[in-house]
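Observations on the three-dimensional arrangement
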Amino acid sequence: MNGTAHTAIGAATGFIVANTFHSSPTETIIFVGLGAVSGLMPDLDIDGKLRGKITLSHKVIRWAALLIGVLMVFYSFYEGRAADKWLGIGIGLAIIVVSSFIKQKHMLTITGIGVLAGGISLSEVWLILLGVYIVIASFASHRSYTHSILGVIFFGIIAWKLEGSLGMDGVFYTCLGGYISHLLADLKILPFNKRGIKLFLPVSKIEL
Ligand SMILES: [Zn+2]
């Protein structure tokens with residue numbers, strides 16, 4: 001199933017959760033957005049060319065990384081104290097240097113490291129875990145670990161921490177529901193799927 005379909009199903013999942021929780025219009029928009037993103041998440045494991053199509057273009061990522069690096073240097077310089085200050089400046093400079101080496105192939109890995117660094121500096125556990133998820137996904141082969149029960153559990157923890165951070169009921173169900181909807185849509189029993197998913201990795205390689 002393609003990205004557009006996964007996004008639509010994820011968004012619909014968010015809408016259903018919003019209705020179940022009798023959410024406000026603003027929350028409903030947030031849930032639809034979170035559901036759409038979660039529904040696309042497992043396919044961050046797509047290799048090479050396709051991966052470039054899912055994330056933003058090469059140049060945008062490079063400029064974004066550069067900007068994050070520069071902001072981090074300035075922020076650390078003015079706000080940081082003692083050791084933190086130099087650590088922040090160091091990480092910022094490292095991001096600036098690395099951003100100039102970004103190639104299509106490493107784009108996702110570097111994006112993940114950027115998210116991880118952002119999570120550490122903001123002390124947000126969900127963002128740290130999301131960074132780890134993206135880095136792992138960038139190395140995983142397509143339809144493997146991100147499309148397994150292990151992947152669901154890992155993403156579920158991210159969703160749980162995000163709900164705690166936002167203090168908004170329904171975030172956990174929206175994200176988890178969006179993610180699971182992707183795996184269901186990728187099952188081999190559906191006529192348009194040539195391949196299934198290895199749900200029980202690493203215990204079993206059976207394709208469902
Ligand atoms: Zn998929």
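Reference entry: report on the structure contained in this document. (Residues numbered from 1 in each chain as written. Predicted model: local features only at pLDDT ≥ 70, side-chain atom pairs only at ≥ 80, totals over all residues. Heavy atoms only, no water.)

**Some words on helix 8 (residues 149-166)**
Rules: Elements are defined by DSSP. Helices are runs of H or I of four residues or more, strands are runs of E of two residues or more, and each kind is numbered from the N terminus. Working rule for helices: expected span equals 1.5 Å times residues minus one. Contacts between residues were defined by any pair of non-hydrogen atoms, one from each residue, lying within 4.5 Å.
Taking 1.5 Å as the rise per residue, helix 8 with 18 residues should run 26 Å; its terminal C-alpha atoms sit 25 Å apart, in good agreement. Buried residues along helix 8 sit in contact with helix 2 (25-40), helix 7 (125-139) and helix 9 (171-185). Where helix 8 terminates, the next one or two residues include G167, which has phi positive at roughly 60°.

**Describing the packing of aromatic side chains**
Where we set the bar: Pairing of aromatic rings covers Phe, Tyr and Trp, the last through its six-membered ring, and needs centres within 6.5 Å; plane angles under 30 degrees mean stacked, over 60 mean edge-to-face, and all others mean tilted. Exposure classes here rest on a 1.4 Å probe applied to the protein chains alone. A residue is buried below 20% of its type maximum, exposed above 50%, and partly exposed in between.
By the definition in use, this model includes seven aromatic pairs. On the basis of an interplanar angle of 85° and a centroid distance of 5.3 Å, the ring pair of W160 and F172 is categorised as edge-to-face. Taken together, the positions of W160 in helix 8 and F172 in helix 9 put the pair twelve residues apart, joining distant regions of the chain. According to the relative accessible area criterion, W160 is exposed, its value standing at 52%. Judged by its relative accessible area of 17%, F172 is buried. The structure contains a cluster of three or more aromatic residues connected by ring pairs, namely F21, W160, F172 and Y173.

**Topic: the coordination of the zinc ion**
Reference values for coordination geometry: four tetrahedral donors around a metal ideally subtend 109.5 degrees, six octahedral donors ideally subtend 90 or 180 degrees. The cut-off we apply is this: Only nitrogen, oxygen and sulfur atoms qualify as donors, and only when within 2.8 Å of the metal (3.2 Å in the case of Na, K and Ca); with water excluded, sites may look incomplete. By the criteria applied here, four donors are tetrahedral when all angles lie between 85 and 135 degrees, four are square planar and six octahedral when opposite donors are over 155 degrees apart and every other angle lies between 65 and 115, and any other arrangement is irregular.
Ligation of the zinc ion by protein atoms is provided by D43 (OD), H147 (NE2), H182 (NE2) and D186 (OD), these donors lying 2.0 to 2.2 Å from the ion. Relative to the metal, the four donor atoms surrounding the zinc ion lie at angles of 91 to 174°, and the coordination shape comes out irregular. In primary-sequence terms, the residues that donate to the zinc ion follow D-x103-H-x34-H-x3-D. You can see H147 sitting in the loop between helix 7 and helix 8 and its partner H182 sitting in helix 9, a full 35 residues away along the chain. With respect to class, H147 is no different from H182; both count as buried.

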